[in-house]
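# A closer look at the structure
Next come the chains, spelled out residue by residue.
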Amino acid sequence: MGAVAIAHERTRWRMSVEARALVLVTAVLVAFGLVVLYSSSAVLAIQEGHSSAHYLVRQLIGALAGCVIFAVAAKIDAEKWRTWAWPLMGLSILLLVVLILPFTGAIAPRLNGSRRWLTLGLTVQPSELAKLAVVVWTAMLVVKKGDKMRRLTKGLLPFLLVVGVLDLLVILEPDLSMAMTFTVLMGIVLFAGGVRIGHFVVLGVLAIPILWREMERVQYALLRLTSFLDPGAAPAEAHYQLRQSLIAVGSGRLFGVGYGEGRQQTGFLPYPFNDFIASNVGEEWGFLGLVVLVAGFTLYGVLGFRIATMARTKFQQLLALGLTATTVLTAYLHIGVVIGLLPTTGLTLPFFSYGRSNLLLSFLITGILVNIASRHERVVGATASDPVTLAHARA
Amino acid sequence: MPRLTRSQVVQGALGAFAALLVIRAAQVQLWEGRAWAARAHKQHYGAKAIPAPRGALLDARGVPLAQSRELVKLSIAPQEVRDRRLLGKSLRKLGVPPVWIARATDAKRKWVVLPGRYLPVDASDVTAMRGVYTEVAIDRVYAHGEAMRRVVGRVGADDQPIDGLELALDSLLRGQEGTLLVARDARGRRASSSGESGRAPVEGHQVVLTLSRELQDIAERALRDAVHRMGAAGGDVVILDPHTGELRALASHRTDGSFSGVPALSVPFEPGSTLKPFFAAALLATGRATPDERIDTENGVYTLEGRTITDVHAEASMTLTDVIRYSSNIGIAKFTSRLAPREQYEVLRDLGFGTPTGVPFPSEAGGTLMMPDEWTRMSPASLAMGYEIAVTPVQLATAYAAIANGGELLEPTIVREIRDPDGGIRFRHERRVVRRVMSAEIAGTIRSMLVGAVEEGTGGGAGLGSFSVAGKTGTARVARGGRYAASEYTASFVGFFPADEPQYVVLVKIDRPTGAYYGGQTAAPVTRAVLEAAIAARDAALDRRALASRESLEALARAGPHAEDLGEAARVVEEQIPRHVVDLPLARTARAGALRAEGKSPRAVPNVRGMQLREAVRTLHRAGFRVQLGAATGAASATWPNAGAMLREGSLVRLVSDR
């Protein structure tokens, strides 16, 4: 029996119900996202002299590439990311350094006041890769340090140093909201990894003055934050963005003005198809549209957290948790900004906002989650599975 | 695993975040939704004013004197245009300058506003294209004729009236602006029309004047010729219907062009001898003189109150009739002394001198009439000769109308009718008697005296042969710096025609003619020229039937013995004469009714715009009209009357084509 079985033996990843559900939720979000992207970008595309589907086609190409990345990531044992953590972090730091160097203007041009993109034939946003690096690397180090995590200097300090370097690099772009995202993601993974609550309090107290000084230095980030604290006294630009977003969302009311009927994306809203794309959902699909949007990401989150609980290893558990938080928290923050719950910052909405770096990252995250939620099986014969899963997958 | 509880904390925090998002969304979209939607509407749409066409000003026969027409202004968004080469071609056909065509077809430009204004028909090719936006502009078109233009007035570029009737009747002529909701983009630029309708513009009222364009042209031409021939400084002509008070023509001319508005209404002058008949009427009415009463006229030279008065026609004595006929200054001064200053003042006051007549026109002057307590001892004689008083030509013509119509002073008018845009009559002038200034009998007596003045006396130059003209000349020295200048005169003639059943009162005034300065040699011939032209013109609003029957009767009377029964002859003549009915421009509905009453159903002129001529002609023929072609080739661009006008079967429609 054994000999026969070995002759036909092969292995495969068997997706759990959660993994299948996550794929379905992701597919729905991607489809909705592409639909919304078309409506929010068509007019501007025409105004820029392109066809109305200019941005849609590009995003669609990104989505197809994303599917490939997703499929590959779903077939790679998630445990491998543990060994890739340092290279990933190193690559991220390297790319971010290239962005802020004074003589790299040719490949890292300043767009809308900051240098966030590398143009190497394809345009990539290194900070999206860095988000993944923060989560993977933090999860890896938490698992590696084990009980040492309970000490401040040997436990917490290395995290602060490395992520602090990343933060500093993106602040220099400048992209303050990305720095805060890094810190929050690290914090979530650390928190879930068992860092003392007291250390978090110290961390927070330390962070405030540093953050405050940064804000003062980075004029443009300051504009965004103060415009939230006191809209009446806000500098015109930041105040304008928030007001236009509220006009879009508010005028949608319960059922929305109808798909393609929104007018705020025709030049009133800044960045209608990335930083403010949820405004378009609010305007054209109304309150119901926003509720569906929030519900979609909440479902993604619930599935992600369930996947974390059923993860094969502690690293994968922290990884699943961090990655889920990356997608869900970014989405919530984005929606919070467009409805005026949070200060106006430049955050993308995963699967919706135009930007292929972010789209590919979101697909990659989903792929990793699916892998964590899958079991590695030995297949006997054509279809039958060996009820005993492979030993190494259980490690 | 205890750590999972921490994961649940993270989950719980995210769940709370999600709940906050939904609550905040509900607050913005459900509670405050209405307010945000209102703000959105406010910034997405702008109310654009659509100019309303001003009402037309028509002459008494319905000929447009001032008319508004819609033109389009073109704006082009080159990036939205599908076929820019075709657009360029169409713009070239429209006559757009090449520089602007280049701009309009430059894909790098976002918005190009073409400077010109075009007829909607001409621009229809272009306006049908995507990326071409139109805006209505209204253009005011005026009839030609200097004097008519001055009466009608002007409208400035900003649609504000400047002078004339356009100013006086602005509140009626001005329409009500409409509004159009247009979508705006973030730069406040107009993006497109929004499909949402605003308020439609309401056209202004149509004003039908009593003036006849034809008579106005005649009067103007005659006046201009006369002023030129006599080397005069200028002149005025007023033609008035003595039975209704309707002004038929108001022409003015000044060689140096130094006037604005209508001097016949706004510039008073010292009338001179033309006032004499009114004092004669007052003397007859009070029984202080009879037409045949003779008075010593001192052989033409008489000194009164230290001032020497002379007569041109010197006689030892004259009857009152002759005093008027030969315009004796001595005679009228002596006769008028029989009236107390107060009585003399009241004669003039009752005739309306010193007070504006109430013609709706900006800057109408009232003239000057002093109260008796301001008079000097010389004033009664001066006033008798038409000095120390200033009247406007319209005032004087109105006073003469009272003689012509049997003694009633009428309120003169320049507006016959005002119609709202739907054709409803909002105002129609009705004959308004201000007061009776003399009995019909005395008016008749004065009329016959004035016939004499034309046939044998000073006004001989106005005589017309077969039609009798009654009238009075006046020659007044021009006052300069408080003294009467030695050689500057105002020559005038006021007459009515025909003398026994007057249809027109004609006033002609020539300022400072050189050479023959007496009214009889200057103003009276102008009157004759005006009347001759008016009789010759088909459309001069004369009651031709009355004229013609009279002429025929006179001819029959001259034929002598064969015409025993004049009554019968009159009947025969009357049957032969086609009734000339002055065609009032009735409201469309009223006109349709009137035409239906005549048995032929009126029909609408079909719209043939854009058709090839051959097809347009066929269409018009099929609709039952006769066609007159304006050009031989091209596509039909317009008809006159316009498409939609109701015309009787067989009416002539003029077809205009573009080249």
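Just above sits the structure.
### Some points on helix α7 (residues 176-193) of chain A
At 3.6 residues per turn, the α-helix brings residues three or four places apart onto the same side. End to end, α7 of chain A covers 26 Å across 18 residues, agreeing with the expected 26 Å (1.5 Å per residue, within 8%). Burial analysis of α7 of chain A places 15 of its 18 residues in the buried class, which makes it a mostly covered element.

### Points about the packing of aromatic side chains
Tallied over the full model, the rule gives 16 aromatic pairs over all chains. Ring centres 5.9 Å apart and planes at 50 degrees place the aromatic pair Y259 of chain A and W285 of chain A in the tilted group. Taken together, the residues span a long stretch of sequence, with Y259 of chain A in the loop between α10 (236-252) and α11 (277-309) and W285 of chain A in helix α11 at a distance of 26 residues. With a relative accessible area of 30%, W285 of chain A lands in the partly exposed category. Taken together, a centroid distance of 6.3 Å and an interplanar angle of 50 degrees make the contact between F297 of chain A and F352 of chain A tilted. Placement of the pair is F297 of chain A in helix α11 and F352 of chain A in the loop between α12 (314-338) and α13 (356-372), with a sequence separation of 55 residues. Each member of the pair, F297 of chain A together with F352 of chain A, is buried. Ring-pair connections join several aromatic residues into one group, and the members of that group are F32, Y259, W285, F297 and F352 of chain A. Stacked on the ring of Y302 of chain B, the Lys or Arg K334 of chain B has its end atom at 4.6 Å from the ring centre. The residue whose ring lies beneath K509 of chain B is F269 of chain B, and the NZ or CZ to ring-centre distance is 5.0 Å.

### Describing helix α2 (residues 33-44) of chain B
Residues and elements named next belong to chain B. Taking 1.5 Å per residue as the helical rise, α2 with its 12 residues ought to reach 16 Å, and the 16 Å between its terminal C-alpha atoms agrees with that figure. For α2, the full list of buried residues reads G33, W36, A40, Q43 and H44. Looking straight down α2, one finds its buried side chains confined to an arc of 100 degrees; they lie on one side. The exposed residues of α2 that point more than 90 degrees off its buried face are R34 and K42.

### A look at the packing of α12 of chain A against α13 of chain A
All names here are of chain A. The interhelical angle for the contact between α12 and α13, taken along N-to-C directions, is 145 degrees, at an axis separation of 10 Å. With respect to the hand of their crossing, α12 and α13 are arranged in left-handed fashion. Between α12 and α13, the residues in contact are Q316, L319, A320, L323, T324, T326 and T327 and I365, I368, L369 and I372, respectively. By residue class, the composition of the contact of α12 with α13 is 7 nonpolar, 4 polar and no charged.

Reading guide: rules and limits
Residues numbered from 1 in each chain as written. Chains lettered and ligands numbered in written order. Predicted model: local features only at pLDDT ≥ 70, side-chain atom pairs only at ≥ 80, totals over all residues. Heavy atoms only, no water. Helix = DSSP H or I, 4+ residues; strand = E, 2+ residues; numbered from the N terminus. Expected span 1.5 Å × (residues − 1). Buried < 20%, exposed > 50% of the residue type's maximum accessible area, 1.4 Å probe, protein only. Phe/Tyr/Trp six-rings, centres within 6.5 Å; stacked < 30°, edge-to-face > 60°. Lys NZ or Arg CZ within 6 Å of the ring centre and 35° of its normal. Arc of directions from axis to C-beta. Axes fitted to C-alpha atoms, helices over the stretch in contact; angles between N-to-C directions. Left-handed = near helix turned anticlockwise from the far one by under 90°. Contact = heavy atoms within 4.5 Å. Nonpolar A, V, L, I, M, F, W, Y, C, P; charged D, E, K, R; others polar.

Without other data, these values stay purely geometric and don't point to any function.
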